[in-house]
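# Residue-level structure breakdown
The chain contents come next:
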Amino acid sequence: MAEKFKKIVSTWKQIIEHPRIIYLSETSKDLLSWQLYAENHRGIALKFSTQGVLSNSKPVVYTGVRTLLTSVKEQVDDHVGIKRTEVIDTFEKRLLSQPKLSASEKEWRNIKVFKEDELDCGEDTEDWFLDLSFEPKELKAVYFGFKIPKKKRMELTEILNT
């Protein structure tokens, strides 16, 4: 049983080291999202084209069921040999699930799984993130939070106008 647990943990480590996810929303009007994800209305929201780098984004499914990597039943079935847990097969589905109370966010996610040699997930947490480049024509609008400092708004507007 300890070997099966080690295998599940090893598989999980392998999975979490490779995907990168960008969280998106259908709307820029959700006040809770501005509060949580845009520094309490001091940030910005970017509107992108549905074509290009974000074209394979998928909508989040809001459910009343708590999202887990594996359920207790799946773990028990795996341990007693009834059915092998296929963590990788259900990984994306589980990453696209959120609780119903978050439904106002109208979230979409773009999940990209990289090959091991494309990432460095070592000690330096700066290496855990990747910049997602896009063509300027893919950026359709920029929305400023109502608490964004005037100086920051002016700096960003200058950058956007160049």
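Residues numbered from 1 in each chain as written. Predicted model: local features only at pLDDT ≥ 70, side-chain atom pairs only at ≥ 80, totals over all residues. Heavy atoms only, no water.

## Brief notes about the overall build of the protein chain
Scanning the protein chain from terminus to terminus reveals five helices and seven strands. Listed N to C, the secondary structure of the protein chain is α-β-α-β-β-β-α-α-β-β-β-α in terms of helices and strands. A separation of at least 24 residues holds for 78% of the contacts in the protein chain among residues at least 6 apart in sequence. Accessible area for the protein chain stands at about 12300 Å²; split by element, carbon and sulfur atoms hold 56% of it. (Helix = DSSP H or I, 4+ residues; strand = E, 2+ residues; numbered from the N terminus. Contact = heavy atoms within 4.5 Å. Areas by Shrake-Rupley, 256 points an atom, 1.4 Å probe, with all protein chains shown as cover.)

## Points about the packing of aromatic side chains
For any two aromatic rings, the description comes down to two numbers: the centre-to-centre distance and the angle of the planes. Enumeration according to the criterion identifies one aromatic pair in this entry. Ring centres of phenylalanine 48 and phenylalanine 134 lie 4.8 Å apart, and the angle between their planes is 85 degrees; this geometry places the pair in the edge-to-face category. Note that phenylalanine 48 is positioned in strand β2 (residues 44-48) and phenylalanine 134 in the loop between β6 (107-113) and β7 (139-144), a separation of 86 residues in sequence. (Phe/Tyr/Trp six-rings, centres within 6.5 Å; stacked < 30°, edge-to-face > 60°.)

## Some points on the pattern of salt bridges
This model, assessed by the stated rule, comprises two salt bridges. A salt bridge links arginine 109 to glutamate 107; the nearest nitrogen and oxygen atoms lie 2.7 Å apart. Taken individually, arginine 109 and glutamate 107 each receive the classification buried, so the pair is uniform in this respect. A salt bridge links glutamate 155 to lysine 152, with the nearest nitrogen and oxygen atoms 3.8 Å apart. (Salt bridge = Lys/Arg side-chain N within 4 Å of Asp/Glu carboxyl O. Buried < 20%, exposed > 50% of the residue type's maximum accessible area, 1.4 Å probe, protein only.)

## Quick notes on the confidence of the model for the protein chain
Overall, the prediction assigns the protein chain a mean pLDDT of 80, with 70% of residues at 70 or greater. Looking over the protein chain, one finds the lowest element-wise mean pLDDT in helix α1 (residues 2-17), namely 65, and the highest in helix α5 (residues 150-160), namely 94. (pLDDT = per-residue confidence, 0-100.)

## Let's talk about a nonpolar patch on the surface
Taken together, Val72, Val76, Val80 and Ile82 make up a surface patch of nonpolar side chains, about 400 Å² in accessible area. Mapped onto the elements of the fold, valine 72 is located in helix α3 (residues 72-80). Overall, the relative accessible area of 61% leaves valine 72 in the exposed class. (Patch = residues over 30% accessible without salt bridge, like charges linked within 9 Å, V, L, I, M, F, W, Y side chains within 5 Å.)

## Overview of unusual backbone geometry
Only a minority of non-glycine residues have a phi that is not negative, and only a minority of peptide bonds are not trans. Residues other than glycine seldom take positive phi values, yet glutamate 39 does so here, at roughly 50 degrees. With respect to the helices, strands and loops of the structure, glutamate 39 is situated in the loop between α2 (31-37) and β2. The phi dihedral of lysine 106 is positive, around 50 degrees, even though this residue is not glycine. Along the chain, lysine 106 turns up in the loop between β5 (97-99) and β6.

## Observations concerning the side chain of histidine 41
Looking at where histidine 41 falls in the secondary structure, it is placed in the loop between α2 and β2. On the basis of relative accessibility, which here comes to 9%, the residue histidine 41 falls in the buried class. In this structure histidine 41 touches Leu31, Trp34, Gln35, Gly145, Phe146, Lys147 and Ile148, once residues within four positions along its chain are discounted.

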